[in-house]
Amino acid sequence: MLLRNIGVLVGVDGGDTPFLRGREMSRIGTVENAWLRIRDGRFSAFGTMDECPAADADEEVADAEGGYVFPSYCDSHTHIVYAGSREREFIDKINGLSYEEIAKRGGGILNSADLLHETSENELYTQAMTRVREIMAMGTGCVEIKSGYGLTTADELKMLRVIARIAESTPMKVKATFLGAHAVGRAFAGRQGEYVDVVCNEMIPAVAAEGLAEFVDVFCDAGFFTVEETDRILTTGTQYGLRPKIHANELAVSGGVQVGVKHNALSVDHLERIGEEEIAILSEHQTVATMLPGASFFLGMPYGPARKAIESGAIVALASDYNPGSSPSGNMRMVMSIGCIKMKLTPAEALNATTINGAYSMNESRDYGSIAPGKVANFYITRPMPSVDFYPYAYATPVITKTYLKGKEVTF
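Quick notes on the rules
- Residues numbered from 1 in each chain as written.
- Predicted model: local features only at pLDDT ≥ 70, side-chain atom pairs only at ≥ 80, totals over all residues.
- Heavy atoms only, no water.
- Pairing = 2+ DSSP bridges.
- Helix = DSSP H or I, 4+ residues; strand = E, 2+ residues; numbered from the N terminus.
- Right-handed = clockwise from strand over helix to strand, strands pointing away.
- Buried < 20%, exposed > 50% of the residue type's maximum accessible area, 1.4 Å probe, protein only.
- Lys, Arg positive; Asp, Glu negative; His and termini not counted.
- Salt bridge = Lys/Arg side-chain N within 4 Å of Asp/Glu carboxyl O.
- Polar contact = N/O pair within 3.5 Å; in protein donor to acceptor, adjacent residues only side chain to side chain.
- Contact = heavy atoms within 4.5 Å.
- Expected span 1.5 Å × (residues − 1).
- Core = buried A, V, L, I, M, F, W, Y, C linked by side-chain atoms within 4.5 Å.
- Arc of directions from axis to C-beta.
- Axes fitted to C-alpha atoms, helices over the stretch in contact; angles between N-to-C directions.
- Parallel < 35°, antiparallel > 145°, perpendicular 65-115°, else oblique.
- Left-handed = near helix turned anticlockwise from the far one by under 90°.
- Nonpolar A, V, L, I, M, F, W, Y, C, P; charged D, E, K, R; others polar.
- Patch = residues over 30% accessible without salt bridge, like charges linked within 9 Å, V, L, I, M, F, W, Y side chains within 5 Å.
- Areas by Shrake-Rupley, 256 points an atom, 1.4 Å probe, with all protein chains shown as cover.
- Phe/Tyr/Trp six-rings, centres within 6.5 Å; stacked < 30°, edge-to-face > 60°.

Caption draft 1: Just the pairing of strand β12 (residues 267-270), in detail. Note that strand β11 (residues 246-248) and β12 share three bridges and pair parallel. Paired with His247 across the bridge in β12 is Asp269. A crossover links β11 with its parallel partner β12, the connecting element being helix α8 (residues 256-262), and its sense is right-handed. Tracing the backbone out of β12, into helix α9 (residues 276-283) and back to the parallel element strand β13 (residues 288-291) gives a crossover that is right-handed.

Caption draft 2: Representation of the pairing of β13 within the structure. A two-sided burial pattern is seen for β13, the buried positions comprising Val288 and Thr290 on one face and Ala289 and Met291 on the other. Inspection of the sheet shows β12 paired to β13 by four bridges, in the parallel sense. Considered in β13, the bridge of Asp269 is made with Thr290. Examined bridge by bridge, β13 and strand β14 (residues 316-318) share three bridges and lie parallel to one another. Residue pairing in the sheet places Ala289 in a bridge with Val316 of β14.

Caption draft 3: Quick peek at the side chain of Glu156. Counting through the fold element by element, Glu156 comes out in helix α5 (residues 153-169). This buried residue, Glu156, is left without a salt bridge; Lys158 holds the nearest opposite charge, at 10 Å. Only 2.6 Å separates the side chain of Glu156 from the side chain of Ser147, close enough to count as a polar contact. Beyond its immediate chain neighbours, meaning those up to four positions away, Glu156 contacts Ser147, Gly148, Tyr149, Gly150, Leu151, Phe178, Leu179, Gly180 and Met203.

Caption draft 4: Layout of the side chain of Ser337. The topology assignment puts Ser337 in helix α12 (residues 332-341). Of the polar contacts made by the side chain of Ser337, one reaches the backbone oxygen of Pro392; its length is 2.7 Å.

Caption draft 5: Structural view of helix α7 (residues 227-239). Between the first and last C-alpha of α7 there are 18 Å, a value that for 13 residues agrees with the 18 Å anticipated at 1.5 Å per step. Taken together, the buried positions of α7 are Glu229, Thr230, Asp231, Ile233, Leu234, Thr236 and Gly237. Buried positions along α7 lie against β8 (173-181), α6 (192-210), β9 (215-220), β10 (243-244), β11 and α8.

Caption draft 6: View of the nonpolar core. Judged by nonpolar contacts, the single largest core of 100 residues is most densely connected at Phe70, Val81, Ile166, Phe178, Ile233 and Leu271. When residues in this core are grouped by element, the largest group, eight residues, is from α6. With residues near it in sequence (within four places) discarded, Ile166 still touches Val81, Tyr125, Ala128, Met129, Val132, Ile145 and Val174. In terms of nonpolar packing, the next biggest core, distinct from the first, is built from 18 residues, Val31, Ala62, Ala64 and Ile381 among them.

Caption draft 7: Structural context of unusual backbone geometry. A positive phi angle, close to 65 degrees, is found at Leu271, a residue other than glycine. With respect to the helices, strands and loops of the structure, Leu271 is situated in the loop between β12 and α9.

Caption draft 8: View of the pattern of salt bridges. Per the stated rule, a full pass over the model turns up 20 salt bridges. The residue Arg39 makes a salt bridge to Asp58 at a minimum N-O spacing of 3.7 Å. Here Arg39 is found in strand β2 (residues 30-39), whereas its partner Asp58 is found in the loop between β3 (42-48) and β4 (61-63), with 19 residues between them in sequence. On the basis of relative accessible area, Arg39 is assigned to the partly exposed category, the value being 31%. In this structure, Arg86 engages Glu89 in a salt bridge whose closest nitrogen and oxygen atoms are separated by 3.0 Å. Each member of the pair Arg86 and Glu89 is classed as buried. Among the ionic contacts, a cluster of salt bridges with common partners joins Arg37, Arg39, Asp56, Asp58 and Glu59.

Caption draft 9: Layout of helix α1 (residues 87-94). Taken as a whole, α1 has its buried residues at Glu89, Asp92 and Lys93. Each buried residue of α1 sits inside an arc of 100 degrees when the element is viewed along its axis, so together they form one side. Facing away from the buried surface of α1 by more than 90 degrees, the exposed residues are Arg88 and Ile94. Looking one or two residues past α1, Gly96 carries a phi angle of roughly 110 degrees, positive in sign.

Caption draft 10: Seen up close, the packing of α12 against helix α13 (residues 347-354). Close contact between α12 and α13 brings their axes to 9 Å; oriented N to C, the two are set at 140 degrees. Judged by the angle between their axes, α12 and α13 are oblique. As for how α12 packs across α13, the hand of that crossing is right-handed. When α12 is examined against α13, the residues Met332, Val335, Met336 and Cys340 are found in contact with a partner set consisting of Pro347, Ala350, Leu351 and Thr354. Residues of the contact of α12 with α13, tallied by class, amount to seven nonpolar, one polar and no charged.

Caption draft 11: Quick look at a nonpolar patch on the surface. Taken together, the side chains of Phe90, Ile91 and Ile94 make up a nonpolar region of the molecular surface, amounting to roughly 270 Å² of accessible area. Assignment of secondary structure puts Phe90 in helix α1. Taking relative accessible area as the criterion, Phe90 reaches 38% and is therefore assigned partly exposed.

Caption draft 12: Summary view of the packing of aromatic side chains. Within the structure shown, the criterion is met by 13 aromatic pairs. Ring plane angle 55 degrees and centroid distance 4.7 Å describe the contact between Phe19 and Tyr360, whose orientation is recorded as tilted. Here the residue Phe19 occupies a position in the loop between β1 (2-10) and β2, and Tyr360 occupies one in helix α14 (residues 356-360), the gap between them amounting to 341 residues. For Tyr360, a relative accessible area of 12% corresponds to the buried category. Ring geometry for Phe43 and Phe379: centres 5.9 Å apart, planes at 45 degrees, overall tilted. With a gap of 336 residues between them, Phe43 in strand β3 and Phe379 in strand β15 (residues 379-382) connect regions that are remote in the sequence. For Phe43, a relative accessible area of 3% corresponds to the buried category. Phe379 sits in the buried class, given a relative accessible area of 0%.

Just geometry here; none of it tells us what the structure is for.
Structure (structure tokens):
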């Protein structure tokens, strides 16, 4: 395809930038009045309209009509395979209960585990695909999906098989993460150590035997898993070929950042409660500081200190945390806007945090996260806009007109 008359082509680079950190995040490559060529599902070339090549005989010609073209979002932290919903807890939060109080009452993750246990694999897939289509329509082209609502070996494998099925049936790039250590299953109440034994000795070997995940994750936080338990789970996962990622410092300064960096985690996620020590560690390593402003917005929690992390030189990504309890939305444009409004990121920083750095935190920035020759042609077209800054500024104005994944238009 040859796409002509692009108002501004946004997020272009040479394809040799795996991530942006610190002040680099304020940089966005753009081409005004542009054309873009796609070959075999990948970006081939681009330039300005005064040098636009003639279309080849076998080439479809499309017109952006002055709209902007952005690289698809790379959402590196989601839980979109789940059963049902948890709006009852939404009311509990309105009535003053905290996330921790709901969890102590047996709600939260355990409620989702109960629902998932009763839901067939086919029904789970059907429900998840509704969310998959939703996030594709809003511009996401690469996504990480975690297990963690199973909390038994059979149900964790069921979730991961659904994720594998999603990966096979959608043009979106899907990455799978095993999160058996999301909470302690009900059957192990009061016996957390025994549950960790099951995660290490039964779940991880079973996941690896079926090749169902690339990453292993742990909820290392107050009231969930300790640093010592996290260390053991990540060590076991690494032995089975699973690269560590981690939930850390959502509820307290938990030591999760330190244990994640120790294990060369690709990312440490949440980070609503980190201090100078954690920021300094992240600024010295290539572990991505992934922050989830949608969860802070929905739960009324502090926002991760993205501004300080960027100024210290860290690699910062923003992701949706799409899940039924603390962030029931996969709208990455809203994530961008909250990043600007509440976390004081510039639009350029927020865009890079949701594209190239999100791709890197899934180990996919070779193929996704920017518009560069050779990368997979995942992008979307907007209506004409005054500027790139207008996009997160007018956060609820519908602007996407067409979505392309692997170079093909996706309809919904």
